[in-house]
Structure formats: structure tokens, C-alpha cells
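Spelled out from the first residue to the last, the chains are:
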Amino acid sequence: MKAHCLAHPGAWPDNPWEHDHPVIKVGPGARGKIFAFLGADTVGVKGGPTREVADEWLHRHPDHTTVMPYIGRSGWNTLSFAIPDDELLEAVDESYRLVVARMPKRDRPDGWE
């Protein structure tokens, strides 16, 4: 999962809270934005532009998806690695697109589309 996240243009690992697993950001330095929270057996992603859209994951995989604490109201979900790989990779890709699209143009990496 980490390798897939880091393959996105402008992606880089950070550990702002000194946990065992990094977050993956995109964008320059202090202005970088998180698009994936990596865990031992989960990945946190922006599941949609709104909570309502992100809730589709809860309906598709009710036993393997939860709303992320604190930021879930903004459309962030935690997805278990029990979800098929192709769906997890798609979720990371969509999270990346959603996060980069909201960044100022000057901070968006080349080739992000």
C-alpha cells in the first residue's frame, strides 16, 4: 500500500504524530496535504467530497469500513485490508485526486491528473 501511495506524483511519507505508520502527503513541505493514513491493516482515505458520498463505502463493506474519528464528517473513512486490493487501490487513487483538486494550483504536482 505504501508503495502504491508513493507512486503518485508529488507524494511523500510523513510521520507528524510519531506513530508506527506514516501518513502520505502531496504538495510542498508545510503546505503538503494528507491523502492516506497508513495502518498495520487499514488505510484511511478521503472517501468522497461529502460524508454522504463517502457513506457508499459503509454500505458496500459494512464490516470493513468505519468513519474516521475527528475528520470523518469531512468524508474520511478507514478501510480494512480485508477489502479486495483493486478496490483499496481505487480508493487511494480517488483520495489523492480529491485532495489534490482542492489544493492551490501552485501546490499541485505536475502530472497529477
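On a predicted model such as this, the values are computed, not experimentally measured, just so you know.

Engineer: How do you make sense of the sheet that holds strand 3 (residues 33–38) when you look at a structure like this?
Structural biologist: In a beta sheet, neighbouring strands are held together by backbone hydrogen bonds and run either parallel or antiparallel to one another. With antiparallel pairing, 6 strands are arranged side by side in an open sheet as 1-2-3-4-6-5. Lying at the two open borders of the sheet, with one neighbouring strand each, are strand 1 (11–14) and strand 5 (65–67). The mean inter-strand angle of the sheet, taken between neighbouring strand axes irrespective of direction, is 30°. Bridge count between strand 2 (residues 23–26) and strand 3: 4 bridges; the pairing is antiparallel.

Engineer: When you look at the packing of aromatic side chains in this model, what are you seeing that I'm missing?
Structural biologist: How two aromatic rings sit relative to each other is set out by the distance from centre to centre and by the angle between their planes. The full count for this structure, using the stated rule, is 3 aromatic pairs. Seen from their ring centres, Trp17 and Phe37 are 6.3 Å apart, and the 15° between their planes marks the pair as stacked. Taken together, the residues span a long stretch of sequence, with Trp17 in the loop between strand 1 and strand 2 and Phe37 in strand 3 at a distance of 20 residues. Judged by centre distance (5.5 Å) and plane angle (85°), the ring pair of Phe37 and Trp76 falls under edge-to-face. Residue Phe37 is found in strand 3, and its partner Trp76 is found in strand 6 (residues 76–80); the two are separated by 39 residues along the sequence. Classification of Trp76 as buried rests on a relative accessible area of 9%. Residue placement shows Arg60 over the ring face of Trp57; its charged tip is 4.2 Å from the ring centre.

Each value, and the rule that gives it
Throughout, a residue's number is its position along its own chain's written sequence, starting from 1. With the structure being a predicted model, the display of local features is reserved for residues of pLDDT at least 70 and the display and counting of side-chain atom pairs for 80 or more, all residues being used for whole-chain, interface and lining totals. The side-chain figures draw on all heavy atoms in the structure; neither hydrogens nor water molecules are used. At least two bridges found by DSSP between two strands is the condition for calling them paired. Labels follow the DSSP assignment, with helices taken as runs of H or I lasting at least four residues and strands as runs of E lasting at least two, numbered in each case from the N terminus. Interaxial angle, 0 to 180 degrees, is taken between N-to-C directions of lines fitted to C-alpha atoms, where a helix line uses only the stretch in contact. Ring pairs are drawn from Phe, Tyr and Trp, using the six-membered ring of Trp, whenever the two centres fall within 6.5 Å, and their geometry is named by plane angle: stacked under 30 degrees, edge-to-face over 60, tilted for the rest. Note on classification: 1.4 Å probe, protein chains only; a residue is buried when its accessible area is under 20% of the maximum for its type, exposed when over 50%, partly exposed between these limits. Counting as a charge over the ring demands two things of the Lys NZ or Arg CZ atom: a distance within 6 Å of the ring centre and an angle within 35 degrees of the ring normal.

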